[in-house]
Amino acid sequence: MSALAEALIDLDAIASNVRTIASVTGTGLMAVVKADGFGHGAVQVARAALRAGASWLGVTSTAEALTLREEGVTAPTLSWLHSPDDDFGMLIKSGVDVGVSTTTHLHAVADAARLLGVPATVQLKADTGLSRNGAAGDDWPELVGWARKYEREGGIRVRGVWSHLADADLPGAPALPRQVANFEEALRTARSAGLDPDLVHLANSAAALSAPRTRFDLCRIGIALYGVDPFGVSGPGGFELHPAMTLRTSVINVKRVPAGTGVSYGPEHVTGTPTTLALLPLGYADGLPRAAGGRASVWLAGRRCPIVGRIAMDQCVVDAGDLPVTIGDPVVVFGPAEGDQHPPTVVEWARWADTNPHEILTGIGARVAREHLHGRARNS
């Protein structure tokens, strides 16, 4: 049974992006494949990135890390978002580094290592200004002190010290140099406590491409891995990144309607002239943001055609004007330009929905089939 829509994932684009970013940074790269590889398929993306030269993988949960291991992906992996009662034993046995941000978590990891009789490898996270995860203020010296104690006892090994940036995608923002300074101070504190981490990492995609001072030993690459310039159109940009996902479907109904026809719920849209409406079997359950209704467009019959009326759970309506559209015609919702085809980009969809490309990519639903290809995904 064929799917009503599919996301074509160009693994060669993933590999090309890894090589491009590595040529800029000159450091090791961690390919961030959390959220099922930003909706692209974590296992397939991980393998493509590793073949292209990435040396680490990054995920946020035990389940994500263990899925990689179960599929035979044995590369160094960091998992960094956990409940204190998580099954750290499974991560330790699987050779996964555990990101630790609190002493509560550190004690739990050390306890799991003690029960197993196997040291845990951890990477300590400092909060340098994002105010999410990570230890800040007096919590940081306490965390590194306990880590050093457990390390001397043989229960853990501190492989890394790291943090995350708040606004590296905003060139000139004052928070970036402050965060770098805070991170360097946190690193001095860790070393003064007797820790000697092999890996120090701070840079995300935006910082890796634009802020040399943030690069250290390793750069964590998320959105840029998938071919989206982290600066959009407002920053330095100009990087040869190739979008890896093409979202496409086909027309399942066509009707010619007169002026004054209401379209979809409300109706929030009424046709101003006689026109052709094309129905697409994609809606907000599949990842098309409801907020983009009335602003978004798709590539149909050789041009961009607007989505009109509210996007529904399972479908949306496109105004094709006087184009000769028929049932079964292919539609590209977003994807890279190819030849004379210029479909909308995921960045445009994010702008239409007042969000970021990350949310669009990770929101593509389970009903959308994924097909992993080598070579640029065709827009037809």
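Here, the structure is the one placed above.
Along each chain, residue indices are assigned from 1 in the same order as the chain's sequence is written. Side-chain atom pairs in this predicted model are given and counted only at pLDDT of 80 or more, local residue features only at pLDDT of at least 70, and totals for whole chains, interfaces and linings cover all residues. To get the side-chain values, take all heavy atoms of the structure and skip hydrogens and water.

Q: Pulling in residues and values, what's your account of the side chain of Asp 167?
A: Secondary structure follows DSSP: runs of H or I at least 4 residues long count as helices, runs of E at least 2 residues long count as strands, and numbering of each begins at the N terminus. Here Asp 167 lies in the loop between strand E7 (156-162) and helix H8 (175-192). Exposure is judged per residue with a 1.4 Å probe applied to protein chains only, and the accessible area is read against the type maximum: over 50% gives exposed, under 20% gives buried, and values in between give partly exposed. His is not counted here, nor are the chain ends, while Lys and Arg score as positive and Asp and Glu score as negative. The rule for a salt bridge is simple: a side-chain nitrogen of Lys or Arg has to be within 4 Å of a carboxyl oxygen of Asp or Glu. Although Asp 167 lies buried, it forms no salt bridge, and the closest oppositely charged side chain, Arg 178, sits 6.7 Å away as judged by the N-O distance.

Q: I'd like a rundown of the layout of surface pockets, residues and numbers included.
A: Taking a probe equal in size to a water molecule and rolling it over the atoms shows the remaining empty space. Every definition here rests on a 1 Å grid over the protein atoms only: cavities are sets of points where a 1.4 Å probe fits but cannot get out, pockets are open sets enclosed by protein on both sides within 12 Å along at least five of seven lines, and lining residues have some atom within 4 Å of a point. Grid points are joined across faces, edges and corners, and a volume is the space filled by probe spheres set on the points. A volume near 990 Å³ is recorded for the largest pocket. Lining the largest pocket are 37 residues, with His 164, Asn 204, Ile 223, Asn 356 and His 358 positioned closest to its centre. Three classes are used: nonpolar for Ala, Val, Leu, Ile, Met, Phe, Trp, Tyr, Cys and Pro, charged for Asp, Glu, Lys and Arg, and polar for all others, with Gly counted as polar. Of the residues belonging to the lining of the largest pocket, the class tally is 18 nonpolar, 11 polar and eight charged. Roughly 340 Å³ of internal volume is contained in the second largest pocket. Partitioned by chemical class, the residues of the lining of the second largest pocket number 13 nonpolar, six polar and three charged.

Q: Now, about the nonpolar core: what can you tell me, with residues and values included?
A: By size, the foremost hydrophobic cluster in this structure holds 118 residues, and its most contacted members are Leu 124, Trp 140, Phe 334 and Trp 349. In this analysis, two residues are considered to be in contact whenever any of their non-hydrogen atoms come within 4.5 Å of each other. The residues contacting Phe 334, other than those within four sequence positions of it, are Met 245, Thr 246, Leu 247, Pro 344, Thr 345, Val 346, Trp 349, Ile 360, Leu 361 and Ile 364. Ranked by size, the runner-up nonpolar core spans six residues in total, among them Val 257, Val 263, Leu 279 and Val 308. Among buried residues, those of type Ala, Val, Leu, Ile, Met, Phe, Trp, Tyr and Cys that are joined through side-chain atoms within 4.5 Å constitute a nonpolar core.

Q: So what about the side chain of His 201? Which residues, and what values?
A: Relative to the helices and strands, His 201 is located in strand E8 (residues 199-201). Among the residues examined, His 201 registers a relative accessible area of 0% and is labelled buried. A distance of 2.7 Å separates the side chain of His 201 from the side chain of Gln 123, its partner in a polar contact. What His 201 contacts, discounting residues up to four positions off in sequence, is Met 30, Leu 78, Gln 123, Val 161, Trp 162, Ser 163, Phe 183, Leu 218 and Arg 220. Polar contact is the term for a pair of N or O atoms within 3.5 Å; when the atoms are in protein, one must be able to donate a hydrogen and the other to accept it, and sequence-neighboring residues count only if both atoms are side-chain atoms.

Q: Describe empty space enclosed by the protein, and please don't skip the residues or the numbers.
A: Across all of its chains, the model carries one cavity of 30 Å³ or more by this definition. There is about 30 Å³ of room inside the largest cavity. Taken together, Val 18, Ile 21, Leu 29, Met 30, Ala 31, Ala 54, Ile 221 and Leu 225 make up the full set of residues lining the largest cavity. When residues of the lining of the largest cavity are traced back to their parent elements, those giving at least two are helix H1 (11-25) and strand E2 (28-32). At three residues, the largest contribution of residues to the lining of the largest cavity is made by E2.

Q: Give a description of the pairing of E2 that names residues and reports values.
A: The element E2 is largely enclosed, with a buried count of four among its five residues. For two strands to be treated as a pair, DSSP must find at least two bridges joining them. Taken together, the four bridges between E2 and strand E9 (residues 218-221) define a ladder with parallel strand orientation. Bridge assignment links Gly 28 to a residue of E9, and that residue is Leu 218. Two elements, E2 and strand E3 (residues 56-59), share three bridges in a ladder whose sense is parallel. In the sheet register, Val 32 faces E3, and the bridge partner there is Gly 58.

Q: I'd love a proper account of the sheet that holds strand E10 (residues 245-250), names of residues and values included.
A: As summarised here, the arrangement of the nine strands in space is E11-E14-E17-E16-E15-E18-E10-E1-E19, forming an open sheet in which the pairing is mixed. Pairing within the sheet leaves two strands with one partner each, and these edge strands are strand E11 (253-257) and strand E19 (369-373). The average undirected angle you get between the axes of adjacent strands in this sheet is 35 degrees. Every axis in this analysis is a line fitted to C-alpha atoms, fitted for helices over the stretch in contact. Angles between the N-to-C directions lie between 0 and 180 degrees. Along the sheet, H1 makes contact with strand E1 (5-10) and E19, crossing E1 at roughly 40 degrees.

Q: If you had to explain the packing of aromatic side chains to someone new, which residues and values would you point to?
A: To describe a pair of aromatic rings, one takes the distance between the centres and the angle between the planes. Pairing of aromatic side chains here covers Phe, Tyr and the six-membered ring of Trp, requires ring centres within 6.5 Å, and sorts the geometry by plane angle: under 30 degrees stacked, over 60 edge-to-face, intermediate tilted. Considering all chains together, one arrives at six aromatic pairs under this definition. Centroid distance Phe 183 to Phe 216: 5.2 Å. Interplanar angle 80 degrees. Geometry classified as edge-to-face. Pair noted here: Phe 183 is in helix H8 and Phe 216 is in the loop between helix H9 (205-210) and E9, with a separation of 33 residues, a long-range link. Aromatic side chains Phe 231 and Phe 239 sit 6.4 Å apart centroid to centroid with 35 degrees between the ring planes, which places their arrangement in the tilted category. In this structure Phe 231 comes out as buried when scored by relative accessible area, which is 3%.

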